[in-house]
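This is what each chain is made of:
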Amino acid sequence: MKQLLLLISVAARIALLFGFCLFMNPIEAQKPRVIISSDIGGTDPDDNQSVAHLLMYSNEFDLEGLISSPSFGDGHKGEILRMIDVYEKDLPRLSQHVKGLMTPEQLRPLVKQGRMSEAPACGWGEPTEGSQ
């Protein structure tokens, strides 16, 4: 019984130490770095909805790039920029409820054009603005 209490005590100390370390250096404090590649403007409008949701959660991660890379259709980075324009209209109201949202001025330079067709059989082709 004494050994069991000692074991529980050691486990409790480890748990407390682990909790203290998380408190001192919370994992949540480091936002994940993300690059979004989307076929927005292609044959399916679901990506417009996804980009709208992405922008409304832009305070949750470190967004490093928004790349338009449709395999089909005529999608282009202009469609991402259009979604940022829509977001800009709602931003004053959104900012009343959520702090730290990215501004359109921060977002627009992140928008790049990727490949506008299927990748060749070898899996790679000429570099694009998005791949650079």
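Rules used throughout
- Residues numbered from 1 in each chain as written.
- Predicted model: local features only at pLDDT ≥ 70, side-chain atom pairs only at ≥ 80, totals over all residues.
- Heavy atoms only, no water.
- Helix = DSSP H or I, 4+ residues; strand = E, 2+ residues; numbered from the N terminus.
- Contact = heavy atoms within 4.5 Å.
- Areas by Shrake-Rupley, 256 points an atom, 1.4 Å probe, with all protein chains shown as cover.
- Buried < 20%, exposed > 50% of the residue type's maximum accessible area, 1.4 Å probe, protein only.
- Arc of directions from axis to C-beta.
- Axes fitted to C-alpha atoms, helices over the stretch in contact; angles between N-to-C directions.
- Parallel < 35°, antiparallel > 145°, perpendicular 65-115°, else oblique.
- Left-handed = near helix turned anticlockwise from the far one by under 90°.
- Nonpolar A, V, L, I, M, F, W, Y, C, P; charged D, E, K, R; others polar.
- Core = buried A, V, L, I, M, F, W, Y, C linked by side-chain atoms within 4.5 Å.

## Things to note about the overall build of the protein
Logical step 1: Looking only at helices and strands, one finds four helices and three strands in the protein.
Logical step 2: Along the chain direction, N to C, the helices and strands of the protein fall in the order α-β-α-β-α-α-β.
Logical step 3: The long-range share in the protein, meaning contacts at least 24 apart out of those at least 6 apart in sequence, stands at 70%.
Logical step 4: Surface summary for the protein: the accessible area is close to 9,500 Å², and the carbon and sulfur share equals 61%.

## Notes on helix α2 (residues 46–56)
Every α-helix carries 3.6 residues per turn, so stepping three or four residues along brings you back to the same face.
Logical step 1: For α2, the set of buried residues is Asp47, Asn48, Val51, Leu54 and Leu55. Taken down its axis, α2 places every buried residue within 120° of arc, on the same side.
Logical step 2: In this structure, the buried side of α2 is in contact with β1 (33–38), β2 (62–68), α3 (77–94) and α4 (104–107).

## Here's the deal with the packing of α2 against α3
Logical step 1: Taken N-terminus to C-terminus, the directions of α2 and α3 make an angle of 40°; their axes are 10 Å apart at the nearest point. In this view, α2 runs oblique relative to α3, as classed from their interaxial angle. Between α2 and α3 lies a crossing of right-handed hand. Across from Asn48, Val51, Ala52, Leu55 and Met56 in α2, the residues of α3 making contact are Glu79, Arg82, Met83, Ile84, Tyr87 and Leu94.
Logical step 2: When grouped by side-chain class, the residues that make up the contact of α2 with α3 number eight nonpolar, one polar and two charged.

## Remarks on the nonpolar core
As a rule of thumb, soluble globular proteins bury nonpolar side chains together.
Logical step 1: Counting residues in each nonpolar core, the largest one holds 17 residues, and the members touching the most others are Leu55, Leu63, Leu66, Ile80, Ile84, Tyr87 and Leu107.
Logical step 2: Within the residue set of this core, elements represented by two or more residues are α2, β2 and α3.
Logical step 3: At five residues, α3 tops the list of elements feeding residues into this core.
Logical step 4: The residues contacting Leu55, other than those within four sequence positions of it, are Met83, Ile84, Tyr87, Leu101 and Leu107.

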